[in-house]
Amino acid sequence: GDSVTQMEGPVTLSEEAFLTINCTYTATGYPSLFWYVQYPGEGLQLLLKATKADDKGSNKGFEATYRKETTSFHLEKGSVQVSDSAVYFCALGGTGNQFYFGTGTSLTVIP
Amino acid sequence: DAGVIQSPRHEVTEMGQEVTLRCKPISGHDYLFWYRQTMMRGLELLIYFNNNVPIDDSGMPEDRFSAKMPNASFSTLKIQPSEPRDSAVYFCASSFLATNQPQHFGDGTRLSIL
């Protein structure tokens, strides 16, 4: 069945460091892929998405490229800020609009 | 535009009491999802609806849990009787039909069962 495997955390980085959070997926068909962010005490917010192979989603300096050959959708940001501290979820949009979420990766950015 | 609205934001009640969580999806969305989030188990899908009809409730943990969607703009998740292990954050999400559309989440209900 469809599933997502996400890099385990927690991740701690200094401000302005480069961020990568790995995400790989297993799916039948051609799913859409998403990254969500959850700030403390809030719900999940869509960060970016990609709907087909080689698409690059981007938002707020974050990027992720849909790689069919490696079944991956890694999240990257060139220079993180303290305000990026949150939990990040990779998700796959499967059949029937059901989503498959990764376990989440907690990011803490220290000044 | 109004997002997904959940109420209450926080609920503290004693074991054995009935708990009702409420959700108003984004207008026009065809799908509605209920999730539970805990530190131990992460984000779990409990049930989802399409056009007000329950499609998959295999994630509902026990018969103590029930969910309804009487119309396109309202859904409830009920726990009766509640137990301390039901303590979690419960999220509602909605989306349009089609798998390339994101789910939009509410801010959640933080439930504590004493």
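Residues numbered from 1 in each chain as written. Chains lettered and ligands numbered in written order. Predicted model: local features only at pLDDT ≥ 70, side-chain atom pairs only at ≥ 80, totals over all residues. Heavy atoms only, no water.

### Side note on the overall build of chain B
Line of reasoning, step 1. When you go through chain B residue by residue, the secondary structure sums to 0 helices and 11 strands.
Line of reasoning, step 2. Its C-alpha atoms put chain B at 40 × 30 × 30 Å along the principal axes.
Line of reasoning, step 3. With 114 residues in all, chain B has 46% of them scored as buried.
Line of reasoning, step 4. Sequence separation of at least 24 residues holds for 54% of the intrachain contacts in chain B that already meet a minimum separation of 6.
Line of reasoning, step 5. Approximately 5800 Å² of chain B is accessible, and the part contributed by carbon and sulfur atoms is 50%. (Helix = DSSP H or I, 4+ residues; strand = E, 2+ residues; numbered from the N terminus. Buried < 20%, exposed > 50% of the residue type's maximum accessible area, 1.4 Å probe, protein only. Contact = heavy atoms within 4.5 Å. Areas by Shrake-Rupley, 256 points an atom, 1.4 Å probe, with all protein chains shown as cover.)

### Observations regarding the interface of chain B and chain A
Line of reasoning, step 1. Chain B puts 22 residues into the contact, and the matching count from chain A is 20 residues.
Line of reasoning, step 2. Of the roughly 1600 Å² buried between chain B and chain A on both sides combined, carbon and sulfur atoms contribute 51%.
Line of reasoning, step 3. Across the chain B-chain A interface, the total number found is 3 residue pairs in polar contact (both at pLDDT 80 or more).
Line of reasoning, step 4. For the side of chain B that touches chain A, the elements supplying multiple residues, two or more each, are strand S4 (31-38), strand S5 (42-50) and strand S9 (88-95) of chain B.
Line of reasoning, step 5. The greatest single-element share of the side of chain B that touches chain A, amounting to 4 residues, is contributed by S4 of chain B. (Buried area = accessible area lost by both parts, 1.4 Å probe. Polar contact = N/O pair within 3.5 Å; in protein donor to acceptor, adjacent residues only side chain to side chain.)

### A short note on the layout of surface pockets
Line of reasoning, step 1. For the largest pocket, the calculated volume is near 620 Å³.
Line of reasoning, step 2. Taken together, 29 residues line the largest pocket, and the ones lying closest to its centre are Gln38 and Val87 of chain A together with Gln37, Met39 and Arg110 of chain B.
Line of reasoning, step 3. Of all the secondary-structure elements, those providing two or more residues to the lining of the largest pocket are strand S10 (86-93) and strand S12 (105-110) of chain A together with S4 and S9 of chain B.
Line of reasoning, step 4. Within the lining of the largest pocket, the residues separate by chemical class into 11 nonpolar, 13 polar and 5 charged. (1 Å grid on protein atoms, 1.4 Å probe; cavity = no way out; pocket = protein on both sides within 12 Å on 5 of 7 lines; lining within 4 Å. Points joined across faces, edges and corners; volume = space filled by probe spheres on them. Nonpolar A, V, L, I, M, F, W, Y, C, P; charged D, E, K, R; others polar.)

### As for the pairing of S5 of chain B
Residues and elements named next belong to chain B.
Line of reasoning, step 1. S5 sits mainly inside the fold: 9 of its 9 residues count as buried.
Line of reasoning, step 2. As judged from the 8 bridges shared by S4 and S5, these two strands associate in the antiparallel manner. Its bridge partner being in S5, Leu32 is matched across the sheet by Phe49.
Line of reasoning, step 3. In the sheet, S5 pairs with strand S6 (residues 53-56) via 3 bridges, with the strands oriented antiparallel. Each residue of the ladder has a partner; that of Tyr48, found in S6, is Asp56.
Line of reasoning, step 4. In this antiparallel pair of consecutive strands, S5 and S6, the connection spans 2 residues, and Asn51 shows a positive phi of 50°. (Pairing = 2+ DSSP bridges.)

### A look at the pattern of salt bridges
All names here are of chain B.
Line of reasoning, step 1. Under the defined criterion, the tally for this structure stands at 12 salt bridges over all chains.
Line of reasoning, step 2. Where Asp107 meets Arg9, a salt bridge forms, and the shortest distance between an N and an O atom there is 3.9 Å. Here Asp107, found in the loop between strand S10 (104-105) and strand S11 (109-113), pairs with Arg9, found in the loop between strand S1 (5-7) and strand S2 (10-13); they are 98 residues apart in sequence, far enough to count as distant.
Line of reasoning, step 3. Judged by relative accessible area, Asp107 falls into the partly exposed class, the value being 41%.
Line of reasoning, step 4. Between Arg36 and Glu44 there is a salt bridge, with the nearest N and O atoms lying 3.2 Å from each other.
Line of reasoning, step 5. On the basis of relative accessibility, which here comes to 9%, the residue Arg36 falls in the buried class. (Salt bridge = Lys/Arg side-chain N within 4 Å of Asp/Glu carboxyl O.)

### With respect to the nonpolar core
If you look at soluble globular proteins, the nonpolar side chains tend to sit buried side by side.
Residue and element names in this part refer to chain A.
Line of reasoning, step 1. Trp35, Leu47, Leu48, Phe73, Leu75 and Tyr88 are the most contacted members of the largest nonpolar core, which totals 25 residues.
Line of reasoning, step 2. The set of elements that each furnish at least two residues to this core consists of strand S2 (11-14), strand S3 (19-21), strand S4 (23-26), strand S5 (32-38), strand S6 (44-50), strand S8 (62-65), S10 and S12.
Line of reasoning, step 3. The leading source of residues in this core is S10, at 4 residues.
Line of reasoning, step 4. Setting aside chain neighbours within four positions, we find Phe73 in contact with Cys23, Leu33, Phe34, Trp35, Leu48, Lys49, Ala50, Ala64, Thr65, Tyr66 and Cys90. (Core = buried A, V, L, I, M, F, W, Y, C linked by side-chain atoms within 4.5 Å.)

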